[in-house]
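# Report on the structure
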Amino acid sequence: MANVTPRTTPPGSGIARTHSAAVRARLGPASLKARVRISTVGLLAVTGLVTSTLLSVAALVAVSTRKLPPGAMPASMKRSRW
């Protein structure tokens, strides 16, 4: 038997810890294989991007679907169905 020692990053080496994920999916004749490695800092950055995107979309939907009070729309911007 081989003696296996886990690889660890020495403290203070400046190398960020990485996380990895793998997925394999098959649907009929099509298949997908993907592997991803990302550092902790990168994972936080991606989380921030997704969170800000979701919050901005929620704000846009809230503003675009609100009902304006009567008389709030200028006369030159009359709504029509035509």
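This structure is a prediction, so every number in the text was calculated from the model and none was measured. (Residues numbered from 1 in each chain as written. Predicted model: local features only at pLDDT ≥ 70, side-chain atom pairs only at ≥ 80, totals over all residues. Heavy atoms only, no water.)

### Points about the overall build of the protein chain
Assigned secondary structure in the protein chain consists of one helix and two strands. Its helices and strands taken in sequence order, the protein chain reads β-β-α from the N to the C terminus. Here the contacts in the protein chain between residues at least 6 apart in sequence split such that 3% fall between residues at least 24 apart. For the protein chain, the computed accessible surface area is about 8400 Å², with 63% contributed by carbon and sulfur atoms. (Helix = DSSP H or I, 4+ residues; strand = E, 2+ residues; numbered from the N terminus. Contact = heavy atoms within 4.5 Å. Areas by Shrake-Rupley, 256 points an atom, 1.4 Å probe, with all protein chains shown as cover.)

### Considering a nonpolar patch on the surface
Together, Val 46, Val 50 and Leu 54 make up a nonpolar patch on the protein surface, roughly 260 Å² of accessible area in all. Topologically, Val 46 is positioned in helix 1 (residues 40-64). A relative accessible area of 40% means that Val 46 is categorised as partly exposed. (Patch = residues over 30% accessible without salt bridge, like charges linked within 9 Å, V, L, I, M, F, W, Y side chains within 5 Å. Salt bridge = Lys/Arg side-chain N within 4 Å of Asp/Glu carboxyl O. Buried < 20%, exposed > 50% of the residue type's maximum accessible area, 1.4 Å probe, protein only.)

### Regarding a positive patch on the surface
Together, Arg 24, Arg 26, Lys 33 and Arg 35 make up a region of like positive charge exposed at the surface. When contributions to the positive patch are tallied by element, the ones reaching two or more residues are strand 1 (18-27) and strand 2 (30-39). Relative to the helices and strands, Arg 35 resides in strand 2. (Lys, Arg positive; Asp, Glu negative; His and termini not counted. Charge placed at Lys NZ, Arg CZ, Asp CG, Glu CD.)

### Overview of the confidence of the model for the protein chain
In this model, the protein chain carries a mean pLDDT of 81, and residues with pLDDT of at least 70 account for 74%. The weakest mean pLDDT in the protein chain belongs to strand 1 at 91; the strongest belongs to helix 1 at 93. (pLDDT = per-residue confidence, 0-100.)

### A look at the environment of Ser 20
By the secondary structure assignment, Ser 20 is in strand 1. Taking the relative accessible area as the measure of exposure, Ser 20 reaches 61% and is therefore exposed. As for Ser 20 and Val 36, which are separated by 16 residues in sequence, their C-alpha atoms are 5.4 Å apart. Ignoring any residue separated from it by four or fewer positions in sequence, one finds Ser 20 in contact with Val 36 and Arg 37.

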